[in-house]
Amino acid sequence: MLVVLFVRGITLQGAFNGIKFYLTPQFSKLYEGTVWLDAGTQVFFSMSLGLGAMQTLGSYNKFHHNCLRDCLLYAVVNSCTSIFGGFCIFSVLGYMAHEMGVPVTLGGPGLTFIAYPKALSLMPTMSKLLSIMFFLMLIFLGLDSQFVGVEGFTSQFMDAFPTLFNFRHSRAVFITAVCSLYYLMGLLMVTEGGMYIFQIMDFYSASGLVLLFVCFCESAAIAYCYGSKRFLEDLEHMLKRKIPLYFPVCWNLITPLTCASIAAIFMINVAPLQYGAYVYPKWTAALGWTITSCTCLTIPIMAVFQVITHLDEPKDLITAEYKLHQIHERPKNLSSWKNAPGQSGVAMHYSVVLDSNNIVF
């Protein structure tokens with residue numbers, strides 16, 4: 001679909017102006033905190049970082065699976081697709097701007113649901129076909145994103161509370177309940193004022209500072225709580241090869257410093273939430289920052305809770321752990337299995353310490 005849109009887009013009048021607008025940097029925008037926040041959010045969302053989805057999907061891999069190769073390939077393909085998608089979008093927007101005699105300036109959610117459909121409707125040929133293909137692509141992209149998001153949440157919740165899912169078809173029932181709840185919540189976004197609600201949820205709870213804070217905590221936990229050296233040894237044991245120095249440098253310095261810097265730049269230049277010409281009232285800002293605080297505070301609160309509940313066995317706090325969905329077969333060179341308290345039969349839970357030589361349950 002992207003190839004079709006690209007080929008059709010670059011053949012339209014005004015496409016060059018749209019591509020020029022896409023590729024021409026505006027350095028004055030670097031002083032705006034929202035630009036940095038949007039850039040970080042774009043990277044996090046496009047690669048599903050800070051959402052728990054990648055960790056959940058990766059936990060289904062075999063122990064010695066080459067996750068380093070997958071990560072590098074995933075990052076390169078994702079970034080190249082995003083850049084290529086920009087050419088597809090702005091070539092068509094350049095055509096729309098040419099036809100309507102307006103500059104190419106519209107961004108945000110309106111770009112996908114207002115400006116681009118409008119541009120497709122103005123095409124001299126195949127406008128209906130391209131519109132159908134475009135919205136089908138959006139539907140499939142949304143479904144793919146939900147597959148990953150729902151799996152990331154449901155697997156972690158079921159692993160955290162295994163005793164709640166001891167009945168038949170428990171996974172299917174739980175996923176159905178979660179999707180139904182998501183659907184009911186999403187109905188608010190398709191009302192007449194849904195876009196205004198969406199802006200609040202998107203800005204304060206689903207992206208921005210929340211994702212920055214989560215990614216900062218993840219990298220800090222790996223580098224300074226679990227230990228970057230220990231984590232590096234675990235990866236080298238799993239991959240059976242040396243890991244480039246670049247990665248521990250990112251865990252210890254680049255990633256946490258980048259997240260903290262973007263957050264600081266945004267907070268210094270923070271501005272009231274705005275959609276088009278409408279500026280949100282102050283009470284929505286108070287509500288939004290309350291949502292942000294509640295989301296972010298769960299991490300330090302749970303960290304303190306885990307420390308308090310593991311005072312007798314502090315080593316458990318930095319011990320890697322196999323979850324239920326990861327136990328597929330009996331590991332080699334292990335003479336026995338150890339049931340965790342409250343587990344029986346095949347639903348077993350194991351604590352595992354990874355070192356450079358073996359796996360100790």
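Refer to the preceding data block for the structure.
In this convention, every chain numbers its residues from 1, walking through the sequence in written order. Since the coordinates come from a predicted model, pLDDT governs what is reported: local features require at least 70, and pairs of side-chain atoms require 80 or more to be given and counted, while whole-chain, interface and lining totals use all residues. In computing side-chain values, all of the structure's heavy atoms are included and hydrogens and water are not.

**Overview of the pattern of salt bridges**
Here is step 1 of the chain: By convention in these notes, a salt bridge is any Lys or Arg side-chain nitrogen within 4 Å of a carboxyl oxygen on Asp or Glu. Under the definition given, this model contains two salt bridges.
Here is step 2 of the chain: Taking the shortest distance from any N to any O, the salt bridge between Arg69 and Asp70 comes out at 3.3 Å.
Here is step 3 of the chain: The partly exposed category is assigned to Asp70, whose relative accessible area is 30%.
Here is step 4 of the chain: Notably, a salt bridge pairs Glu151 with Arg171, separated by 2.7 Å at the nearest N-O pair. Highlighted residues: Glu151 in helix H7 (residues 127-160) and Arg171 in helix H8 (residues 170-186), separated in sequence by 20 residues. Classification of residues uses two cut-offs on accessible area relative to the type maximum, computed with a 1.4 Å probe and protein chains only: under 20% is buried, over 50% is exposed, and between them is partly exposed. Note on conventions: DSSP H or I runs of at least 4 residues are helices, E runs of at least 2 residues are strands, and numbering of each starts at the N terminus.

**Section: the environment of Leu49**
Here is step 1 of the chain: Within the secondary structure, Leu49 is located in the loop between helix H3 (33-46) and helix H4 (53-58).
Here is step 2 of the chain: Sequence separation between Leu49 and Val214 is 165 residues, and the spatial gap between their C-alpha atoms is 9.0 Å.
Here is step 3 of the chain: A contact between two residues is defined here by any heavy atoms of the two lying within 4.5 Å. Once residues lying within four places of it in the same chain are set aside, the contact partners of Leu49 are Val43, Phe44, Leu211 and Cys215.

**A few points about helix H10 (residues 209-239)**
Here is step 1 of the chain: Multiply 1.5 Å by the residue count of a helix minus one, and that product is the helix's expected span. Over its 31 residues, H10 runs only 33 Å from end to end, short of the ideal 45 Å by more than 12%, given 1.5 Å per residue.
Here is step 2 of the chain: Of all the bends in H10, the greatest, near 95°, is centred on Gly227. At every residue, the bend is computed as the angle between two fitted axes, covering the seven residues ending there and the seven beginning there respectively.

**A word on the packing of aromatic side chains**
Here is step 1 of the chain: Ring geometry is summarised as follows: Phe, Tyr and Trp rings, the Trp one being its six-membered ring, pair when their centres sit within 6.5 Å, and such pairs are stacked at plane angles under 30 degrees, edge-to-face over 60 and tilted between the two. Counting across every chain of the model gives 21 aromatic pairs.
Here is step 2 of the chain: Summarising the aromatic geometry, the rings of Phe153 and Phe157 are spaced 5.8 Å apart at their centres and angled 35° between planes, so their arrangement reads as tilted. Here Phe153 pairs with Phe157, and both are found in helix H7, just four residues apart, close to one helical turn.
Here is step 3 of the chain: In this structure Phe153 comes out as partly exposed when scored by relative accessible area, which is 36%.
Here is step 4 of the chain: The exposure class assigned to Phe157 is partly exposed, which follows from its relative accessible area of 28%.
Here is step 5 of the chain: Centre to centre, the rings of Phe157 and Phe174 are 5.2 Å apart; their planes meet at 25°, and the pair counts as stacked. Placement of the pair is Phe157 in helix H7 and Phe174 in helix H8, with a sequence separation of 17 residues.
Here is step 6 of the chain: Put simply, the rings of Phe153, Phe157, Phe161, Phe165 and Phe174 pair up and form one aromatic cluster.

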